[in-house]
Amino acid sequence: MNSRRDFLQKLGLSALALQLAPLSGWAAGADNVEPPYDGPLLRVAILGLGGYGTMVAEAMRKCTKAKLVGVVSGTPSKVKAWQSKYGIPEKNCYNYENFDNIKNNPDIDAVYVITPNGLHHDFVIRTAAAGKHAICEKPMAVNAQEGQAMVDACKKANVKLLVGYRMHFEPKTLEVIRMRQSGEFGKIRFFQGQCGFTIGDPTQWRLNKKLAGGGSMMDIGIYAINGARYMTGEEPIWVTAQETKTDPVKFKEGVDETIQFQFGFPSGAVASCLSTYNMNNLDRFFLDGEKGFAEMQPSTGYGPIRGRTHLGELNLPVTTHQTVQMDEMSEIIFNNKKPVVPVNGEEAVKDLKIIDAIYLAVKTGKKVEVSL
Ligand code: NAD
């Protein structure tokens, strides 16, 4: 068996294979078709029925190891609509007031929190207190202290805390990680991550400090931070950062518009990244080693992700990120499966510590040491 197929199997071949059934070339070539899944189904309630919650719900239709069975929302009309769309029974519907009663519901295993960032902490703490596994969107919290409290609460309640890092299950991303781990790029010297888009409506929660926790860095810059870590395989030891603000009305105090930031890694490798709410066409990762390089563009969008290396184009399956993510999370929760790149609360706290350091570097203009 070649190393790529071996690697894909480690990612969870069944989840990928199911999605790829229409891609006859790949499916027909598979010499390892698994029998239908008959293990436990991760029964999930989505909390926060907005844009991304809807995307996750739609993607979960194709899951084999996870199923959407419940909803938590402050809007009764949305609950009704989701009930009929996804066949959700009345007994699995909650609002934000009676949500804690979910502890008495044996038919729900996990709650997936997909609200504005500033609400993640409280909802995850309540999920843990109800004895349910918590899945939380990124950024997991608005600072590392809150994030650590979430990790501690889930540990105390003996439930898992996972974060919606969907790129950690994306085939081309994982192939670049495999190549880096096997030394195909040689010693890594440089990473560049550019993440951003032009944000619209000035009244949306993403531009509200209390609900968003910050600006572009919290929302989109986090992909460059997380990507710098999984692409290089190292943790930064220092951070420098500079902020540019062209619209102080839209991007009020504490809501960053554009931040450029740099990392230093223990090996001597460096990273140069940009996070913005004021430029389009920015979704690119570049990893440079002594023997080769990888370029991903788009690198973190919903797909298809494109990638090439010094050896040529990466030809790997296009997946629905959230379908694979939820099937893999089922394996992590029930079977303690270890993903190639962690998606647990501790992993998210590392990103939040780096975000805290970036904001401090912007404020002080100084190089900030990081210890993860
Ligand atoms: P959205 O505005 O579309 O949805 C937010 C939901 O939260 C809505 O249903 C809203 O009613 C609800 N909500 C509850 N309390 C609220 C309050 N006080 N104020 C505003 N809304 C409230 O946002 P979204 O794009 O779905 O983002 C939700 C979360 O998902 C964010 O944390 C975001 O970072 C994350 N997200 C992740 C990805 C990804 O690719 N992993 C993509 C998009 C969003």
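What counts and what doesn't
Residues numbered from 1 in each chain as written. Predicted model: local features only at pLDDT ≥ 70, side-chain atom pairs only at ≥ 80, totals over all residues. Heavy atoms only, no water. Pairing = 2+ DSSP bridges. Helix = DSSP H or I, 4+ residues; strand = E, 2+ residues; numbered from the N terminus. Contact = heavy atoms within 4.5 Å. Axes fitted to C-alpha atoms, helices over the stretch in contact; angles between N-to-C directions. Core = buried A, V, L, I, M, F, W, Y, C linked by side-chain atoms within 4.5 Å. Buried < 20%, exposed > 50% of the residue type's maximum accessible area, 1.4 Å probe, protein only. Parallel < 35°, antiparallel > 145°, perpendicular 65-115°, else oblique. Nonpolar A, V, L, I, M, F, W, Y, C, P; charged D, E, K, R; others polar.

Q: I'd like a rundown of the sheet that holds strand S13 (residues 307–309), residues and numbers included.
A: Spatially, nine strands are ordered S14-S13-S12-S11-S7-S10-S9-S8-S15 in an open sheet, and the strand pairing comes out mixed. Both outer strands of the open sheet, strand S14 (312–313) and strand S15 (368–369), are each paired with one neighbouring strand and no more. Where strand S9 (residues 258–264) meets strand S10 (residues 270–276), seven bridges bridge the pair, whose relative direction is antiparallel. Across the sheet, the residue bridging to Phe-263 is Ala-271, located in S10. Its contacts with the sheet place helix H9 (residues 216–232) against strand S7 (188–196), S9, S10, strand S11 (282–289) and strand S12 (293–296), and it is angled at close to 160 degrees to S7.

Q: Describe the nonpolar core, and please don't skip the residues or the numbers.
A: Note that soluble globular proteins tend to have their nonpolar side chains buried in a common cluster. One finds Ile-46, Met-140, Phe-261, Phe-263 and Ile-358 to be the most contacted residues of the largest nonpolar core, which totals 102 residues. Among the elements that take part in this core, H9 stands out by supplying 10 residues, more than any other. Contact partners of Ile-46, with chain neighbours within four places excluded, come to Gly-53, Val-56, Ala-57, Leu-68, Gly-70, Val-71, Val-72, Trp-82, Tyr-112 and Ile-114. With five residues, the next largest nonpolar core counts Ile-199, Leu-207, Phe-251 and Val-255 among its residues.

Q: Go over the packing of helix H7 (residues 171–181) against H9, please, and point to the residues and values.
A: Close contact between H7 and H9 brings their axes to 8 Å; oriented N to C, the two are set at 45 degrees. Overall, the two elements H7 and H9 adopt an arrangement that is oblique. Note on element contacts: H9 touches H7 through Tyr-230, Met-231 and Thr-232, opposite Thr-173, Val-176, Ile-177 and Arg-180. Within the contact of H7 with H9, the residues separate by chemical class into four nonpolar, two polar and one charged.

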